Amino acid sequence: MNTIAPYAADPAHTQGRRYPEPAPTYRTEFQRDRDRVIHAKAFRRLEYKTQVFVNHEGDLYRTRLTHSLEVAQIARTVARSMGLNEDLTEAIALSHDVGHTPFGHAGQDELNDCMKAYGGFEHNLQSLRVVDVLEDSYADFPGINLTFETREGILKHCALKHAQQLGDVGERFLNKTQPTLEAQLTNLADEIAYNNHDIEDGLRSGLITLEQLQDVPVFAVEYQAVRQAYPDLQGRRLIRETLRRLIGCMVVDLIESSRAAITASGVQTLAEVRAQPLALMRYSDEMRQQKNVLKKFLRENLYLHPTVYRMTWRARKVVRALFEAYMQDTRLLTPKYQAFAKRYETADGEAGRARAIADFIAGMTDRYAMREYGQLFDLARLR
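Read on for an overview of the structure. Everything quoted here is computed from the prediction, not taken from an experiment.

About the thresholds
- Residues numbered from 1 in each chain as written.
- Predicted model: local features only at pLDDT ≥ 70, side-chain atom pairs only at ≥ 80, totals over all residues.
- Heavy atoms only, no water.
- Patch = residues over 30% accessible without salt bridge, like charges linked within 9 Å, V, L, I, M, F, W, Y side chains within 5 Å.
- Areas by Shrake-Rupley, 256 points an atom, 1.4 Å probe, with all protein chains shown as cover.
- Salt bridge = Lys/Arg side-chain N within 4 Å of Asp/Glu carboxyl O.
- Helix = DSSP H or I, 4+ residues; strand = E, 2+ residues; numbered from the N terminus.
- Core = buried A, V, L, I, M, F, W, Y, C linked by side-chain atoms within 4.5 Å.
- Buried < 20%, exposed > 50% of the residue type's maximum accessible area, 1.4 Å probe, protein only.
- 1 Å grid on protein atoms, 1.4 Å probe; cavity = no way out; pocket = protein on both sides within 12 Å on 5 of 7 lines; lining within 4 Å.
- Points joined across faces, edges and corners; volume = space filled by probe spheres on them.
- Nonpolar A, V, L, I, M, F, W, Y, C, P; charged D, E, K, R; others polar.
- Phe/Tyr/Trp six-rings, centres within 6.5 Å; stacked < 30°, edge-to-face > 60°.
- Lys NZ or Arg CZ within 6 Å of the ring centre and 35° of its normal.
- Contact = heavy atoms within 4.5 Å.
- Expected span 1.5 Å × (residues − 1).
- Arc of directions from axis to C-beta.

1. Observations regarding a nonpolar patch on the surface
A grouping of Leu 332, Tyr 373, Leu 376 and Phe 377 is seen on the molecular surface, where their side chains present a nonpolar patch of about 300 Å² in accessible area. Among the secondary structure elements, Leu 376 is positioned in helix 18 (residues 366-377).

In structure tokens, the structure reads:
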């Protein structure tokens, strides 16, 4: 059995759930969280939500679901090697994107623009809203009633104006304290996963090339090492072997740099972890610089590539059109969200109606959003 470090999160000493429940019989509290996320509708919908390429562009590109699984795999590896709580780590990794919109960051950015006058939209906050309010599987409470530690890990970023409204889970942003090491490492595992799988998807699409990637030192070093070790290796196997090594390089750096930081800090308890001025899970300075070069490359050459930009431009038009149509007439919503819109509007006026509509749109898959757009705006369907 893996030995748990004294500063790891202990499920026997969780800060609890929003609604008290009897303790699970054969699982820990964090195992229960992980299992509830897996059974959530919002988690299943991630299968048809964009990572970089819109879902219908190809069967082999990553989706939000496969991304979340890759994050969980990397995060669990780090957690086990460092004596942290694997179940909590996995629960955070699997749930961190359940509030994400269709069409990836383009959908989020457009929905945020639509919601500017009504408090804005941010997918970390929406993920917390999904697990706290919007899931409807249990008789005794709304949401799926996760532990404080999992909810805290979902909320990676938060503006102070929002933190003030979130109670216990928002306090660390106000007090400038740190989350658990499990939450810290999952944030970095998220980055490792998307940097590497976006390279693979970008190469598969033909929008970036191996020649271009030679200008990214952290990739070029691993690529040349593979070419030297396997001079006859070609195609997908060459790419996969390079990325396998690149992920390993980043993970090893994260583990070793974080161990050194933890040792230097002298922390012995989770309370001491929380009191640190900076996160203890970290890369070395060299790896952080190289990672930033890679992220800049992906932004300039993949995320802003004309082909991807055209996809995201169309996606933003879909989100905007749906939002404006629903705001004009909430009878276009499903009965469930018509009821939400009425209830929220009674409590908070137009902002409440807008929030219900944002909940509805954020919950859509790519194909559902495109079908809704077609049904509302494709006049040919009325003939």
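2. Overview of the nonpolar core
Counting 102 residues, the largest nonpolar core has Leu 111, Ile 199, Phe 219, Phe 323 and Ile 361 as the members making the most contacts within it. Here this core takes eleven residues from helix 17 (residues 335-362), the largest share from any one element.

3. Side note on empty space enclosed by the protein
Here the structure, examined in full by the defined rule, presents two cavities of 30 Å³ or more. By volume, the largest cavity is sized at about 40 Å³. Ile 92, His 96, Gly 153, Lys 156, Ala 183, Thr 186, Asn 187 and Asp 190 are the residues that line the largest cavity. Take the lining of the largest cavity: its biggest share by element is four residues, from helix 10 (residues 181-205). When grouped by side-chain class, the residues that make up the lining of the largest cavity number two nonpolar, four polar and two charged.

4. Digging into the packing of aromatic side chains
Per the stated rule, a full pass over the model turns up nine aromatic pairs. Their ring planes at 40° and their centres at 5.0 Å tell us that Tyr 337 and Phe 360 sit as a pair that is tilted. With relative accessibility at 7%, the residue Phe 360 sits in the buried group. Between Tyr 373 and Phe 377 the ring centres are 5.0 Å apart and the planes differ by 40°, which places this aromatic pair in the tilted class. Residue Tyr 373 and its partner Phe 377 are both found in helix 18; the two are separated by four residues, about one turn of the helix. Tyr 373 gets classed as partly exposed once you look at its relative accessible area, which sits at 31%. An aromatic cluster of at least three residues, connected via ring pairs, comprises Tyr 326, Tyr 337, Phe 340, Tyr 344, Phe 360 and Tyr 368. Above the ring of Tyr 138, the side-chain terminus of Arg 36 is found at 4.8 Å from the ring centroid. Over the ring of Tyr 48 we find Arg 367, and its NZ or CZ is 3.8 Å from the ring centre.

5. A word on the environment of Val 169
Assignment of secondary structure puts Val 169 in the loop between helix 8 (160-163) and helix 9 (171-175). With 19 residues separating them along the chain, Val 169 and Thr 150 place their C-alpha atoms 9.8 Å apart. In this structure, Val 169 is in contact with Leu 128, Phe 148, Arg 151, Glu 152 and Leu 155, ignoring residues within four places of it in sequence.

6. Digging into helix 15 (residues 285-303)
The end-to-end C-alpha distance of helix 15 is 25 Å, a good match for the 27 Å that 19 residues give at a rise of 1.5 Å each. Regarding helix 15, the residues found buried are Met 287, Lys 291, Leu 294, Phe 297, Leu 298 and Leu 302. Angular distribution of buried residues about the axis of helix 15 spans 120°; they occupy a single face of the element. Exposed residues lying more than 90 degrees from the buried face of helix 15 are Gln 289 and Lys 296.

7. Let's talk about the layout of surface pockets
If you add up the space inside the largest pocket, you get close to 1300 Å³. His 105, His 123, His 157, Tyr 194 and Lys 295 are, among the 48 residues lining the largest pocket, the residues nearest its centre. Among the elements of the structure, helix 3 (64-82), helix 5 (104-114), helix 6 (123-134), helix 7 (148-154), helix 9, helix 10, helix 15 and helix 16 (306-328) are those that each provide at least two residues to the lining of the largest pocket. If you tally residues by element for the lining of the largest pocket, the top one is helix 10, at nine residues. Tallied by class, the residues present in the lining of the largest pocket amount to 15 nonpolar, 18 polar and 15 charged.

8. Points about helix 13 (residues 235-265)
Over its 31 residues, helix 13 runs 45 Å from end to end, which matches the ideal 45 Å to within 8%, given 1.5 Å per residue. Following helix 13 by one or two positions, Gly 266 adopts a phi angle in the positive range, close to 75°.

9. With respect to the pattern of salt bridges
Inspection of every chain in the model, using the stated rule, returns 38 salt bridges. Note that Asp 190 is salt-bridged to Lys 156, the shortest N-O span being 2.8 Å. Of the two residues, Asp 190 is situated in helix 10 and Lys 156 in the loop between helix 7 and helix 8; the sequence distance between them amounts to 34 residues. Of the two residues examined, Asp 190 and Lys 156, each falls in the buried class.

10. Some details on the environment of His 67
Here His 67 lies in helix 3. Under the relative-accessibility criterion, His 67 is labelled buried at 1%. In the structure, His 67 is positioned 123 residues away from Asp 190 in sequence and 8.3 Å away in space, judged by C-alpha atoms. In this view, His 67 contacts Gln 51, His 96, Asp 97, Asp 190, Ala 193, Tyr 194 and His 197; residues no more than four positions away in its chain are not counted.

11. Observations concerning the side chain of Glu 90
Locating Glu 90 in the fold gives a position in helix 4 (residues 86-95). A relative accessible area of 12% places Glu 90 in the buried class.

Coordinates in, geometry out; function isn't part of it.
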